[in-house]
Structure formats: C-alpha cells, structure tokens
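Analysis of the macromolecular model
If you want the building blocks of each chain, they are given just below.
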Amino acid sequence: MTAIGPTPPRGGWRRAAALAGAAALAVLVGGCATLGDSNERLQAQVSAANPAAAQRVLDGAQRSRADEVLYRLNQGMLLRFQGEFVDSNVALEEAKQRIESLRALSLSEQAGALAVSEGRRAYLGEPYEQSLIYLYKALNYLALDDAHSARVEMLQADLFLRSLKPEQRARAAEPALRYVAGLVFEHLAEPDQAMVAYRLALAALDRAKAEVPGPLRESLLQLSHRLGLSEEYTTLEQRFGPRPADRDPDAAELVLLIQAGLVPPKREQAVQALDPHSGRFYRIAAPYYPPRSGNATVRVSIDNPASEVRSTLLQDLDALSRRVLDDQMGAIMARAVARAVIKTQAVRQAADRDPALGLLTNVATAMTERADTRSWLTLPAQLHVARLHVPPGAHTVHVEVGTGAGRHRITVEVPALAAGERAFLAPHLPGSIGS
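Analysis parameters
- Residues numbered from 1 in each chain as written.
- Predicted model: local features only at pLDDT ≥ 70, side-chain atom pairs only at ≥ 80, totals over all residues.
- Heavy atoms only, no water.
- Helix = DSSP H or I, 4+ residues; strand = E, 2+ residues; numbered from the N terminus.
- Buried < 20%, exposed > 50% of the residue type's maximum accessible area, 1.4 Å probe, protein only.
- Contact = heavy atoms within 4.5 Å.
- Areas by Shrake-Rupley, 256 points an atom, 1.4 Å probe, with all protein chains shown as cover.
- pLDDT = per-residue confidence, 0-100.
- Phe/Tyr/Trp six-rings, centres within 6.5 Å; stacked < 30°, edge-to-face > 60°.
- Expected span 1.5 Å × (residues − 1).
- Arc of directions from axis to C-beta.
- Axes fitted to C-alpha atoms, helices over the stretch in contact; angles between N-to-C directions.
- Parallel < 35°, antiparallel > 145°, perpendicular 65-115°, else oblique.
- Left-handed = near helix turned anticlockwise from the far one by under 90°.
- Nonpolar A, V, L, I, M, F, W, Y, C, P; charged D, E, K, R; others polar.
- Core = buried A, V, L, I, M, F, W, Y, C linked by side-chain atoms within 4.5 Å.
- Salt bridge = Lys/Arg side-chain N within 4 Å of Asp/Glu carboxyl O.

1. Some details on the overall build of the protein
Secondary structure summary: the protein contains 15 helices and eleven strands in total. Per-residue burial over the protein gives 49% buried out of 435 residues. Residue pairs at least 24 apart in sequence account for 72% of intrachain contacts in the protein once pairs closer than 6 positions are excluded. In the structure as shown, the protein presents an accessible area of about 20,400 Å², 56% of it carried by carbon and sulfur atoms.

2. Topic: the confidence of the model for the protein
The predicted model of the protein has a mean per-residue pLDDT of 84, with 83% of residues at 70 or higher. Considering each helix and strand of the protein separately, the mean pLDDT is smallest for helix H1 (residues 12-31), with a value of 43, and largest for helix H10 (residues 174-187), with 98. This model gives residues 1-33 a pLDDT under 50, and the stretch forms 20 contacts once residues within four places in sequence are excluded.

3. Some remarks on the packing of aromatic side chains
A full pass over the atoms with the stated rule returns three aromatic pairs. Between Tyr 136 and Trp 376, the aromatic rings sit 6.3 Å apart at their centres with planes inclined by 65°, giving edge-to-face as the arrangement. One end of the pair, Tyr 136, is in helix H7 (residues 127-143); the other, Trp 376, is in the loop between helix H15 (355-367) and strand E7 (382-390), with 240 residues separating them in the sequence. Looking at Tyr 136, the relative accessible area reads 1%, which means it is buried. Note on Trp 376: relative accessible area 1%, which makes it buried.

4. A short note on the side chain of His 395
Among the structural elements, His 395 can be located in strand E8 (residues 393-403). Not counting chain neighbours up to four residues away, the residues in contact with His 395 comprise Ile 302, Asp 303, Val 390, Val 412, Glu 413 and Val 414.

5. Considerations on the environment of Leu 155
Take Leu 155: it is sitting in helix H8 (residues 147-163). Assessed through its relative accessible area of 35%, Leu 155 is described here as partly exposed. Along the primary structure Leu 155 and Tyr 134 are separated by 21 residues, whereas in three dimensions their C-alpha atoms are 9.3 Å apart.

6. Regarding H8
The end-to-end C-alpha separation of H8 is 24 Å, in line with the 24 Å expected for 17 residues at 1.5 Å each. For H8, the set of buried residues is Ala 147, Ala 150, Glu 153, Met 154, Ala 157, Asp 158, Phe 160 and Leu 161. Buried residues in H8, looked at end-on, bunch into an arc of 165°, giving them a common side. For H8, exposure combined with an orientation more than 90 degrees from the buried face picks out His 148, Leu 159, Arg 162 and Ser 163. The inward-facing, buried residues of H8 contact helix H5 (85-103), H7, helix H9 (166-169) and H10.

7. Remarks on the environment of Pro 244
Here Pro 244 lies in the loop between helix H13 (230-240) and strand E1 (252-262). Leaving out residues up to four positions away in the same chain, Pro 244 has contacts with Glu 218 and Gln 222.

8. Re the side chain of Asn 89
Within the secondary structure, Asn 89 is located in helix H5. When residues no more than four places from it in sequence are discounted, the contact partners of Asn 89 are Tyr 136, Lys 137, Asn 140 and Tyr 141.

9. A word on the packing of helix H3 (residues 51-60) against helix H4 (residues 68-81)
In contact at an axis separation of 9 Å, H3 and H4 are set at 165° when each is read in the N-to-C sense. When the axis of H3 is compared with that of H4, the two are roughly antiparallel. Both H3 and H4 take part in a crossing whose hand is left-handed. Across the interface between the two elements, Pro 51, Ala 54, Gln 55, Leu 58 and Asp 59 of H3 pack against Tyr 71, Asn 74, Gln 75, Leu 78 and Phe 81 of H4. Considering only residue class, the contact of H3 with H4 consists of six nonpolar, three polar and one charged.

10. Here we look at the nonpolar core
In this structure, Leu 132, Leu 135, Tyr 136 and Trp 376 are the most contacted members of the largest nonpolar core, which totals 66 residues. The leading source of residues in this core is H7, at ten residues. When near neighbours in sequence (up to four residues on either side) are disregarded, Tyr 136 contacts Met 77, Arg 80, Asn 89, Leu 92, Gln 259, Trp 376, Leu 379, Pro 380 and Leu 383. Counting 20 residues, the second-largest nonpolar core is a separate cluster that includes Ala 260, Leu 388, Val 390 and Val 399.

11. Some remarks on unusual backbone geometry
If you check the backbone angles, Ala 49 has positive phi at about 55° while not being a glycine. Here Ala 49 lies in the loop between helix H2 (39-47) and H3. With a relative accessible area of 61%, Ala 49 lands in the exposed category. Non-glycine residue Asp 145 carries a positive phi angle of around 60°. Along the chain, Asp 145 falls in the loop between H7 and H8. Note on Asp 145: relative accessible area 68%, which makes it exposed.

12. Overview of the pattern of salt bridges
Under the defined criterion, the tally for this structure stands at 27 salt bridges. With its nearest N and O atoms 3.0 Å apart, the salt bridge here joins Asp 158 to Arg 162. Linking Asp 158 with Arg 162, this pair stays in helix H8, spanning four residues, or about one helical turn. Overall, Asp 158 belongs to the buried group, its relative accessible area being 19%. The exposed category is assigned to Arg 162, whose relative accessible area is 51%. For the salt bridge of Arg 243 with Asp 246, the shortest nitrogen-to-oxygen distance reads 2.7 Å.

Given below as structure tokens:
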C-alpha cells in the first residue's frame with residue numbers, strides 16, 4: 001500500500017495522535033463555560049437589573065453536582081430580585097440542606113477532587129455565604145409578612161454560628177445576622193431576646209474592630225433603658241452618648257436594610273513554565289480579587305427627595321470576602337504545589353511507558369490546573385441600615401447608591417402604615433464596587 005503524503009518517522013503516528021489529543025483536550029477544557037467562568041457575565045446582567053437574563057447565564061454555564069450549592073444560592077437571590085420570595089426560600093433551603101449533606105462527604109472523596117483541581121471539590125460556601133442563607137430567608141419571610149418564620153431562621157442561625165470554630169466564626173457575616181435577629185425579636189415584642197441579639201452584634205463588630213452603626217447604638221441604649229438594665233445602660237451611655245428621645249407613640253417605623261453593589265468576582269492568575277531539560281509544562285493557578293475602587297455612598301430620603309436621612313454601614317461583605325481569601329491563600333498555594341508534585345509523578349510514570357503518552361498526560365494535567373473562582377456572586381458588596389420614624393400613612397422612599405459603576409436609584413412605595421406599625425424594606429441596588 002502506498003502512503004499518500006510524507007511518511008512520519010518511527011513512532012510518529014503515536015506522537016501525532018498524542019498531540020492531536022492534547023490539542024482537543026485544550027479546546028475542551030478552555031471552551032467549557034463553567035460557573036466560575038461565567039462570573040462577570042452573570043454580574044453584568046444583575047447590574048443591568050435583568051435577573052431573568054442573569055438566570056439564563058446561570059443555566060447556560062456548565063455545572064456538576066459539585067456546583068449544586070452555588071447554583072441554588074445564586075438562583076435563590078435572582079428569584080428574590082424578582083419578588084418571588086416563596087420560590088427564593090425554596091432554593092435557599094435546598095442549598096442549606098445540600099451543604100448539610102456535603103458535610104458528611106468522605107474526606108477521601110474531597111481529597112481526590114482536590115488532587116485534580118480546586119474547582120472539582122464540592123462547593124459548600126464560605127462561612128459568610130452559609131450564614132447569609134439564614135439572613136436572606138428571614139428577609140424573604142419578612143417580605144411575606146411572616147415574622148414568626150423569620151424568627152425560626154434566626155434561631156437556626158444562632159445554632160449555626162455557635163457550631164463554628166472561632167476562626168470560622170470570624171469569617172461569618174455575624175454582625176448583620178445578629179442585628180437582623182434583634183430586629184425580628186423586637187418586632188415580635190420580645191425585648192429580652194432582642195437585647196441579647198443586639199449585644200452579640202456589638203461583640204461581633206468589636207472583634208472585627210468595625211464601627212458600630214448608629215441604629216444598633218440607639219437600639220442598645222433604648223432597650224437597656226427600657227428593660228431597667230441600669231449598669232449596662234450607664235456603660236453604653238459612656239461609650240455612645242445619651243439615648244435618643246423616645247419616639248412618638250403615634251409614629252410608624254420604616255426599617256431599611258440597603259444592599260449596595262455586588263461582591264467582586266474572583267479571577268484567575270497563573271504561573272506557567274516549560275522545563276527545557278525535561279520538556280515538561282508546569283502550571284500553578286490561584287484565585288484573586290481585582291482592586292477595589294472604593295466604598296458605596298448611600299443616600300435615603302422620604303417623600304420629598306430633599307428630606308435626606310442618614311444610613312450607616314452594617315456589614316462590608318466586599319472587605320470580608322477579600323479577607324477570607326487572603327486568610328486561605330497559604331493553604332490554596334500549598335495544595336497547588338502538592339498537586340504539581342503529584343501530577344509530575346504521573347507524567348513521569350506515563351512517559352516511562354510511552355513518551356507520547358507522557359506528553360498527553362503532561363498537557364492534560366496542566367490544563368486541568370485551574371483556580372477555583374466560584375462564589376455567591378449575587379450578594380451585595382455592602383449592607384447599610386437605617387431606621388426611620390414617620391407619620392402614619394403612605395410614604396415614598398428614595399434610595400440612591402453610588403458605586404464604582406456609577407449611581408443607582410430606586411423608589412419604593414410604602415402602603416399606608418398605622419400608628420406603631422413597622423415595615424421592613426430590603427432594596428438591592430447593584431453595580432460592582434470591587435472592579
């Protein structure tokens with residue numbers, strides 16, 4: 001039989017097949033739109049106030065069972081943006097239950113995934129993400145006028161926080177969670193429970209060396225005075241100043257938890273090298289956050305846009321997510337180096353059997369070395385809080401948030417409130433702060 005075209009050297013067909021296989025693998029690995037790869041496209045749709053399009057991006061990304069928690073978290077928030085509070089809670093509860101089941105996953109199974117790539121492990125969420133499931137379920141229940149179910153979520157959140165080790169608890173969104181718990185207990189006329197929650201919020205902020213928001217100061221002062229805790233009130237008064245005047249009993253109240261911006265998306269940075277002696281290709285990848293362009297500025301006004309009121313920062317999730325990644329970077333890099341050692345040994349063993357197989361194994365192991373850029377991308381960058389006493393009746397609330405992506409405005413119409421009635425509002429004004 002006569003060959004058409006040049007005849008490859010001895011072993012050439014095998015080497016050519018290996019190169020073709022390596023090229024095909026590179027295309028497949030590089031071309032799959034994973035949940036991590038779709039970060040910025042997802043956030044772009046959220047920033048454009050188009051949650052339906054964001055859901056299509058989420059659904060179009062390739063995912064495995066390892067990504068199921070993350071998918072449910074983002075789905076729950078996108079449903080919340082559309083006012084689908086019941087379905088949002090279903091998705092968030094599914095994420096919560098999946099996390100609980102994954103905790104029982106064998107260490108050997110997780111270790112096996114980590115031996116290939118960080119992104120192959122089952123995603124359980126960081127402590128701040130896990131803690132915020134309870135917070136958003138509670139806010140959904142408040143939007144549904146079901147404060148008792150919100151109370152159940154806050155009690156479960158307390159058990160969750162107490163189950164964490166100190167270093168894990170420092171990575172949870174405890175100040176926001178405790179403060180919202182206090183609001184729920186206060187709303188249900190449980191001042192003792194509310195005082196406990198507000199104390200725990202203050203302790204969490206003090207551990208984080210964060211500023212105490214004005215509404216929390218006022219709640220601590222008002223409740224300690226009301227409950228007759230004279231020594232505690234004196235201590236709080238020395239720290240925060242005198243308590244504000246008692247509110248008009250005929251006034252209504254608006255409680256705003258303003259969600260400003262979006263948490264930053266993780267990106268990948270990689271170091272690649274070719275060993276001239278062995279001809280082997282090495283790659284080590286790690287996640288990072290882009291530089292932060294500044295804080296959000298929040299303005300709130302009632303009825304007349306000129307009647308501006310003050311809101312204060314409750315929790316900076318942008319800063320918290322960056323600190324959590326910084327704390328983990330040493331372990332991430334240690335695992336990356338360990339994987340490089342394991343993969344080098346695999347390449348060496350394959351090359352000893354067949355140089356072409358060694359080449360294919362080298363390319364395959366390098367291409368699967370990807371940074372884990374997964375995170376709950378639909379979370380706000382910052383949580384701001386305001387408590388406003390207003391006359392009974394209907395009101396118009398104007399909220400404006402300035403971020404690195406520009407200014408975003410929203411107007412919320414509040415139905416008529418009776419004297420002493422309280423309404424909870426949790427508007428989300430997107431626009432990335434971090435990039």
